[in-house]
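As a plain string of letters, each chain reads:
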Amino acid sequence: MQWLKVPKKVYFKKGCMPVALDELATVFDRKNAFIVTDNMTYQHSVLVSVQDKLDFMGIKHTCFFAVGDNPTLSDVALGKKEISLFAPDVIIAVGGGSVIDFAKMLWLVYEHPDCDILKLAETFHDISRKDELFPTLGNKADFVAVPVLSSTGAEVSPVAVISDNETKITLADYQFLPTMAIIDADNFVGVTAYSGVVALFQALEAYVSENATDYTDGFVLESIRRIFTCLSSACDGEKHDSIAIENIANAFAMSGIAFGNAYTVKGKELAEKLAVTEHISYAVACARVLIDVIRERVRENTDLTERYCECAVFCGVCGKDNNEIMDGFIRKIDTLLQLTD
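Keep in mind it's a predicted model, so treat the numbers as computed, not measured.

Colleague: Is there a simple way to think about the packing of helix 8 (residues 193-207) against helix 12 (residues 282-300) in this case?
Modeller: If you want to describe how two helices pack, look at the angle between their axes and the distance between the axes. The N-to-C vectors of helix 8 and helix 12 enclose an angle of 35 degrees; their axes lie 8 Å apart at closest approach. As for how helix 8 packs across helix 12, the hand of that crossing is left-handed. Residues Y194, V197, V198, L200, F201, Q202, L204 and E205 of helix 8 touch helix 12, and the partners they reach there are Y282, A283, V284, C286, A287, V289, L290, V293, I294 and R297.

Dropping the structure here:
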C-alpha cells in the first residue's frame with residue numbers, strides 16, 4: 001500500500017491567512033493560542049496580523065519569540081516551561097523552517113512532558129524505518145503552521161530538526177503534520193536564491209527516492225518547474241513580482257509534500273553534515289552538494305538517469321539522448337545556482 005499524507009487542512013492563495021484563521025474560532029472553538037516565532041518575524045507585519053485576528057476572535061494569546069537561527073534542545077526546554085504555564089489549545093508557528101521545526105518539537109514536549117527527544121531520534125530519524133509508534137499529538141493542542149519563508153516545506157512535512165550542541169537531531173513521523181498549514185504569499189518576505197535551491201534539492205531527492213510514487217512525482221515536477229521559472233523574479237526585491245512569489249511559496253510547499261511522502265535521508269544527511277562541519281547554513285550546504293549528489297546518484301545507479309531526464313524534459317531541457325539531456329539539466333541547475341553568488 002502507498003499513501004499521500006498531508007496536513008488536515010492546507011490553505012493557499014495570496015491573502016488567505018485571515019480567512020483560514022477564522023476556523024480557529026468557528027470550527028475548532030479554540031480559546032488560547034501560543035504563538036512561536038523568531039526575532040526577525042516578531043518585528044514583521046505578519047505577526048501583527050495574526051495577533052489582531054486572534055484578538056478579533058476573542059482568542060487569548062501569548063508569544064514565544066526566543067527562537068534563533070539554529071534552535072537547540074535547550075531552547076525547547078525553555079519554551080516547554082512557558083507553554084506549560086500558558087496551557088494553550090492551539091500552537092501557531094509563524095516563521096521559516098527553523099521556527100516551524102522548533103514549534104513541532106515544542107508541541108511534542110507539551111503533549112508528552114516526559115518524552116526524551118534524543119531517545120526518540122534513535123528510532124524516528126527516518127520515517128520509513130520504525131517498529132514503534134510515535135507519541136500521539138493533538139490531544140492537548142492543534143498545530144497551525146504559517147510560513148514566512150519555509151523552503152524545506154516544514155509547514156506540510158512530517159519532519160522536525162533541532163540541534164544538540166553541533167549535532168542535528170531529526171525526528172520524522174506523520175504525527176508532526178500540522179492540523180492546518182496556511183501558505184499565504186503575502187507573508188513571504190525575503191525570498192532568496194538559496195531558499196529555492198533547498199526546495200529544488202529536496203524535490204529532486206524525492207523524485208529519485210525508492211519511495212517515490214505517482215503522486216509525489218506530480219508535486220516534484222510542478223515544484224521544480226516553478227522554481228526554474230519564477231525564482232529569479234521572486235528574488236528581485238525591487239521588482240516585487242507578487243505572482244512569482246506566490247508561485248515560489250507554492251513550490252516550496254509542493255516540494256515539502258513530495259519529500260515528506262517519498263522520504264529519503266541520504267542527500268539531506270550529507271548536506272546537514274557539511275553544514276555542521278563547515279559551520280554554514282543548511283541552504284548553503286545544499287547549494288554546494290546539489291550537483292555532486294546528482295552525479296553520485298547516477299554513478300551508483302544508472303537507472304536514475306532516466307528519472308533525472310524526466311525532470312529535465314518537463315522543465316524544457318532538450319537533447320538527442322539521455323546523456324545530452326543530463327548535461328543540459330546540470331547546466332540549467334548551475335545557472336540557478338549562480339543566483340546565489
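Colleague: Help me understand a nonpolar patch on the surface, please; the structure alone is not making it clear to me.
Modeller: On the surface, L4, V6 and Y215 cluster together into a nonpolar patch covering about 280 Å² of accessible area. Tracing the sequence through the fold places V6 in the segment before strand 1 (9-12).

Colleague: I'm lost on the packing of helix 5 (residues 73-86) against helix 6 (residues 97-111) in this one. Help?
Modeller: Relative orientation of the contacting elements helix 5 and helix 6 amounts to 55 degrees, with a least axis distance of 9 Å. The angle between the axes of helix 5 and helix 6 places the two elements in the oblique class. When you trace helix 5 past helix 6, the crossing you get is right-handed. Here D75, V76, G79, K80, I83 and S84 of helix 5 lie close against helix 6, whose contacting residues are F102, M105, L106, V109 and Y110.

Colleague: Whenever I open this one, the pairing of strand 8 (residues 180-183) confuses me. Can you help?
Modeller: For a regular strand, side chains alternate in direction, first toward one face of the sheet and then toward the other. A two-sided burial pattern is seen for strand 8, the buried positions comprising M180 and I182 on one face and A181 and I183 on the other. Where strand 1 lies against strand 8, four bridges are found, and the strand directions are parallel. Following the sheet pairing, V10 is matched in strand 8 by A181.

Colleague: Got a minute to help me understand the sheet that holds strand 3 (residues 60-64) in this structure?
Modeller: Two modes of strand pairing occur in sheets, parallel and antiparallel, and in both the strands are linked by backbone hydrogen bonds. The strand order across the open sheet built from six strands is 1-8-5-4-2-3, with neighbouring strands paired in parallel fashion. The strands lining the two open edges of the sheet, one partner per strand, are strand 1 and strand 3. Direction aside, the axes of adjacent strands within the sheet are offset by 15 degrees on average. The pairing of strand 2 (residues 32-36) with strand 3 spans five bridges and is classified as parallel. The residue bridging F34 from the neighbouring strand is T62, located in strand 3. Docked against the sheet, helix 6 engages strand 2, strand 3, strand 4 (90-96) and strand 5 (142-149), running at close to 160 degrees with respect to strand 4.

Colleague: In this structure, what is going on with helix 7 (residues 117-124)? I would like to understand it.
Modeller: Since there are 3.6 residues in each turn of an α-helix, residues three or four apart along the chain are aligned in direction. Those residues of helix 7 lying buried are I117, L120, A121 and F124. In a view along the axis of helix 7, the buried residues occupy a sector of 105 degrees, so they form one face of it. Summarising the geometry of helix 7, the exposed residues directed more than 90 degrees from the buried face are K119 and E122. Buried residues along helix 7 sit against helix 5, helix 6 and strand 7 (167-172). The backbone nitrogen of L118 has a side-chain oxygen 3.0 Å away, supplied by the residue at the start of helix 7, namely D116.

Colleague: For this particular structure, what's the right way to read the packing of aromatic side chains?
Modeller: Each aromatic ring pair is described using two quantities: the centre-to-centre distance and the angle formed by the ring planes. Under the criterion given, the structure shown has ten aromatic pairs. With a centroid separation of 5.8 Å and 5 degrees between ring planes, the pair formed by F64 and F102 is classed as stacked. Of the two residues, F64 sits in strand 3 while F102 sits in helix 6, which places them 38 residues apart along the sequence. Among the aromatic side chains, those forming a connected cluster through ring pairs are F34, F64, F86 and F102. The aromatic ring of Y282 is capped on one face by K268, whose charged end is 6.0 Å from the ring centroid. Of note, R307 hangs over the ring of Y207, and the distance from its end group to the ring centre comes to 3.9 Å.

Colleague: Is there a simple way to explain the nonpolar core in this structure?
Modeller: Ranked by internal contacts, the top residues of the largest apolar core, which has 63 residues, are L200, L204, I224, L290, Y308, F329 and I333. Taken together, the elements giving at least two residues each to this core come down to strand 8, helix 8, helix 9 (214-235), helix 10 (242-261), helix 11 (266-278), helix 12, helix 13 (304-314) and helix 14 (322-337). No other element matches the eleven residues that helix 12 contributes to this core. Setting aside residues up to four positions removed in sequence, L200 forms contacts with I224, I227, F228, L290, I333 and L336. Counting residues in each nonpolar core, the second largest holds 34 residues, with V99, L120, A154 and F176 among its members.

Parameters at a glance
Residues numbered from 1 in each chain as written. Predicted model: local features only at pLDDT ≥ 70, side-chain atom pairs only at ≥ 80, totals over all residues. Heavy atoms only, no water. Axes fitted to C-alpha atoms, helices over the stretch in contact; angles between N-to-C directions. Helix = DSSP H or I, 4+ residues; strand = E, 2+ residues; numbered from the N terminus. Left-handed = near helix turned anticlockwise from the far one by under 90°. Contact = heavy atoms within 4.5 Å. Patch = residues over 30% accessible without salt bridge, like charges linked within 9 Å, V, L, I, M, F, W, Y side chains within 5 Å. Areas by Shrake-Rupley, 256 points an atom, 1.4 Å probe, with all protein chains shown as cover. Salt bridge = Lys/Arg side-chain N within 4 Å of Asp/Glu carboxyl O. Parallel < 35°, antiparallel > 145°, perpendicular 65-115°, else oblique. Buried < 20%, exposed > 50% of the residue type's maximum accessible area, 1.4 Å probe, protein only. Pairing = 2+ DSSP bridges. Arc of directions from axis to C-beta. Polar contact = N/O pair within 3.5 Å; in protein donor to acceptor, adjacent residues only side chain to side chain. Phe/Tyr/Trp six-rings, centres within 6.5 Å; stacked < 30°, edge-to-face > 60°. Lys NZ or Arg CZ within 6 Å of the ring centre and 35° of its normal. Core = buried A, V, L, I, M, F, W, Y, C linked by side-chain atoms within 4.5 Å.

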